[in-house]
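# Close look at the chain arrangement
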Amino acid sequence: MPINIALANGRTVDVETKQGANYFISTTNPESFEFFSSNLEHVQEVCTRVQSRATKRPTEQEILELTAVYATANALAANSDPDTFAKIPQSEIECYVDHAMEQIVNKTNDPHWRTTGILV
């Protein structure tokens, strides 16, 4: 399934392709590459909103928002050339890895998951 991203230069690229992932990374100034950190801030806002509800169930829109961020990060890692991926600032990669680790810890410490095996 294509993941199309509109760039500041007006071009739209599909990061599910090698060409699109490489172009997205290469045309973003490494000094201002903040894809992970800026989008993970939004992810945190969505997660906080979901956790504040009694049901703790995300809406369809929230699922789409969360899926888009994670799918894009995965597509960039999976489809870009190693030399191109290396242009992403280390701080951005660390931000994403720290977020992923935090989510794993939160999920595995969730009493509902521990008793039922179902992630909420």
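Preceding this paragraph is the structure being described.
Anyway, here's the lowdown on the structure attached to this text. Because the structure is a prediction, the values reported are computed rather than measured.

### Some remarks on the packing of helix α1 (residues 18-26) against helix α3 (residues 60-79)
It is the contact of α1 with α3, at a shortest axis distance of 9 Å, that shows an interaxial angle of 105°. Regarding the angle of α1 to α3, the classification is roughly perpendicular. For the pair formed by α1 and α3, the contact residues are K18, A21, F24 and I25 on the first element and A75, L76 and N79 on the second. Along the lines of polarity and charge, the residues of the contact of α1 with α3 split into five nonpolar, one polar and one charged.

### Observations concerning helix α2 (residues 35-51)
Helix length check: α2, at 17 residues, gives a terminal C-alpha distance of 24 Å against a target of 24 Å (1.5 Å per residue), a fit within 8%. Among all positions of α2, only F35, F36, S37, L40, V43, V46, C47 and V50 are buried. Looking at the buried side of α2, the elements it contacts are α1, α3 and α5 (90-108).

### A closer look at the pattern of salt bridges
Oppositely charged side chains can form a pair if their charged atoms are brought close together. In the structure shown here, the tally under the stated rule is three salt bridges. Here K18 ties to D81 by a salt bridge, and the two come within 3.0 Å at their closest N and O atoms. In this pair, K18 is assigned in helix α1 and D81 in the loop between α3 and α4 (82-85), connecting sequence segments 63 residues apart. Residue K18 is classed as partly exposed on the basis of its relative accessible area of 45%.

### Focus: the packing of aromatic side chains
In this description, a pair of aromatic rings is defined by centroid distance and the angle of the planes. Taken as a whole and assessed by the stated rule, the structure comprises five aromatic pairs. Both rings, one in F35 and one in F36, keep their centres 5.5 Å apart while their planes meet at 75°; by these two values the pair is edge-to-face. Owing to a relative accessible area of 15%, F35 belongs among the buried residues under this scheme. With centroids separated by 5.4 Å and ring planes inclined at 45°, the aromatic side chains of F36 and Y96 adopt a geometry described as tilted. With F36 in helix α2 and Y96 in helix α5, the pair connects residues that are 60 residues apart, well separated along the chain.

Conventions and cut-offs
Residues numbered from 1 in each chain as written. Predicted model: local features only at pLDDT ≥ 70, side-chain atom pairs only at ≥ 80, totals over all residues. Heavy atoms only, no water. Axes fitted to C-alpha atoms, helices over the stretch in contact; angles between N-to-C directions. Helix = DSSP H or I, 4+ residues; strand = E, 2+ residues; numbered from the N terminus. Parallel < 35°, antiparallel > 145°, perpendicular 65-115°, else oblique. Contact = heavy atoms within 4.5 Å. Nonpolar A, V, L, I, M, F, W, Y, C, P; charged D, E, K, R; others polar. Expected span 1.5 Å × (residues − 1). Buried < 20%, exposed > 50% of the residue type's maximum accessible area, 1.4 Å probe, protein only. Salt bridge = Lys/Arg side-chain N within 4 Å of Asp/Glu carboxyl O. Phe/Tyr/Trp six-rings, centres within 6.5 Å; stacked < 30°, edge-to-face > 60°.

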